[in-house]
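Given next are the chains, with one letter for each unit.
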Amino acid sequence: MFKHLREEIDGIMARDPAARSRAEVALCYPGFHAIVLHRVARYCWDRRWHLMARAVSQIARALTGIEIHPGATIGRRFFIDHGMGVVIGETAEIGDDVMLYHGVTLGGTSLNQGKRHPTLESGVIVGAGAKVLGAITIGRGARVGANAVVVADVAPGIAVVGIPAKAVVTRDRVETQKFMPYGTPCGDIPDPVARALNGLLDQVSTLRRRVEELESERGDAHNSSVYETSSVPNGSARPDNGVRQPVSVDGGPAASC
């Protein structure tokens, strides 16, 4: 149960520049305390000591402000930075080298007893205040931006932001090796909503130009038709209304009454 504690501490030091020593991490980091107590609670849970497991998890919640259900499955080198307000549900599954910031919720959206919480694959970063809801999967190396609300699967290596969360960056292999603070791209990132609106505006402009072209072609065809029907071969004018005029027996126009 305590075999990997040194590895946990080394993982925290590698990802937090504020950590100055292993002793500081072991004594002062609530995220480390929460994961240690979760290992104890999980040990009890696996042996069906459910009440004792829940009691340990509640002690951890009171001491650290981090609530992890003893049934949650958590991999190695898990790091919760700052930690206050983190909630991890019973059927949540977390891979190796995952990092959460404060205020993150891995919540369920179903009353069923089966799988109802998210799965975070290895290398995922979830930013402060993000909510990942339902039995969805966040792919390996993905990034969830601060305050995002994720309700659908996220492909590996993708960064998502917004409510509901939308992909904003396709991370290449080099970018995947870089640290992304709070799971949020800090450069000039496109707004997914603005990008969609710009696409619609481009389509509207294209359709408008096409309509104008069709109207122009129809107008030219109409003018040509009017010109052709407004004259006869010998030059005599044809009535504009197209109605045949009455004629007399000798071929001349009939006298009007």
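Residues numbered from 1 in each chain as written. Predicted model: local features only at pLDDT ≥ 70, side-chain atom pairs only at ≥ 80, totals over all residues. Heavy atoms only, no water.

Caption draft 1: Inspection of the sheet that holds strand β4 (residues 87-88) at higher detail. The strand order across the open sheet formed by five strands is β1-β4-β7-β10-β13, and the pairing between neighbours is parallel. The sheet is open, and its two borders are formed by β1 (67-68) and β13 (149-150), each paired with just one other strand. Bridge analysis of strand β10 (residues 131-133) against β13 gives two bridges, and the strand direction is parallel. Bridge pairing links Lys131 to Val149 in β13. (Pairing = 2+ DSSP bridges. Helix = DSSP H or I, 4+ residues; strand = E, 2+ residues; numbered from the N terminus.)

Caption draft 2: Quick look at the pattern of salt bridges. In the structure shown here, the tally under the stated rule is ten salt bridges. Note that Arg77 and Asp97 form a salt bridge whose closest N and O atoms lie 2.6 Å from each other. With Arg77 in the loop between β2 (73-74) and β3 (79-80) and Asp97 in the loop between β5 (93-94) and β6 (99-100), the pair connects residues that are 20 residues apart, well separated along the chain. For Arg77, a relative accessible area of 22% translates into the label partly exposed. In this structure Asp97 comes out as partly exposed when scored by relative accessible area, which is 34%. Among the charged side chains, a salt-bridge network with shared partners connects Glu7, Arg76, Arg77 and Asp97. (Salt bridge = Lys/Arg side-chain N within 4 Å of Asp/Glu carboxyl O. Buried < 20%, exposed > 50% of the residue type's maximum accessible area, 1.4 Å probe, protein only.)

Caption draft 3: Inspection of the nonpolar core at higher detail. Membership of the largest hydrophobic core comes to 43 residues, with the highest contact counts inside it found for Phe78, Ile88, Leu100, Val126, Ile138 and Val150. The element that contributes the greatest number of residues to this core is helix α3 (residues 30-46), accounting for four residues. Setting aside chain neighbours within four positions, we find Leu100 in contact with Phe78, Phe79, Ile80, Asp81, Val86, Ile88, Leu106, Leu120 and Val126. (Core = buried A, V, L, I, M, F, W, Y, C linked by side-chain atoms within 4.5 Å. Contact = heavy atoms within 4.5 Å.)

Caption draft 4: Structural detail: the packing of aromatic side chains. For the structure shown, the criterion picks out one aromatic pair. When the ring centre of Tyr43 is taken as reference, the NZ or CZ atom of Arg47 above it lies at 3.7 Å. (Phe/Tyr/Trp six-rings, centres within 6.5 Å; stacked < 30°, edge-to-face > 60°. Lys NZ or Arg CZ within 6 Å of the ring centre and 35° of its normal.)

Caption draft 5: The arrangement of empty space enclosed by the protein in detail. A complete count under the given rule lists one cavity of 30 Å³ or more for this structure. In this model, the largest cavity occupies a volume close to 40 Å³. Along its surface, the largest cavity is lined by Ala34, Leu37, His38, Ala41, Ser57, Ala60, Ile66 and Ile68. Sorting the residues of the lining of the largest cavity by element identifies α3 and α4 (50-64) as the ones contributing at least two each. The dominant element in the lining of the largest cavity, judged by the number of residues it contributes, is α3, at four residues. Broken down by class, the residue content of the lining of the largest cavity amounts to six nonpolar, two polar and no charged. (1 Å grid on protein atoms, 1.4 Å probe; cavity = no way out; pocket = protein on both sides within 12 Å on 5 of 7 lines; lining within 4 Å. Points joined across faces, edges and corners; volume = space filled by probe spheres on them. Nonpolar A, V, L, I, M, F, W, Y, C, P; charged D, E, K, R; others polar.)

Caption draft 6: Structural view of the sheet that holds β2. Here four strands make up an open sheet; going across it, the order is β2-β5-β8-β11 and the pairing parallel. The open sheet has two edge strands with one neighbour each: β2 and β11 (137-138). Looking at chain direction, β5 and strand β8 (residues 119-120) are connected through two bridges and run parallel. Across the sheet, residue Ile94 finds its bridge partner in β8, namely Leu120.

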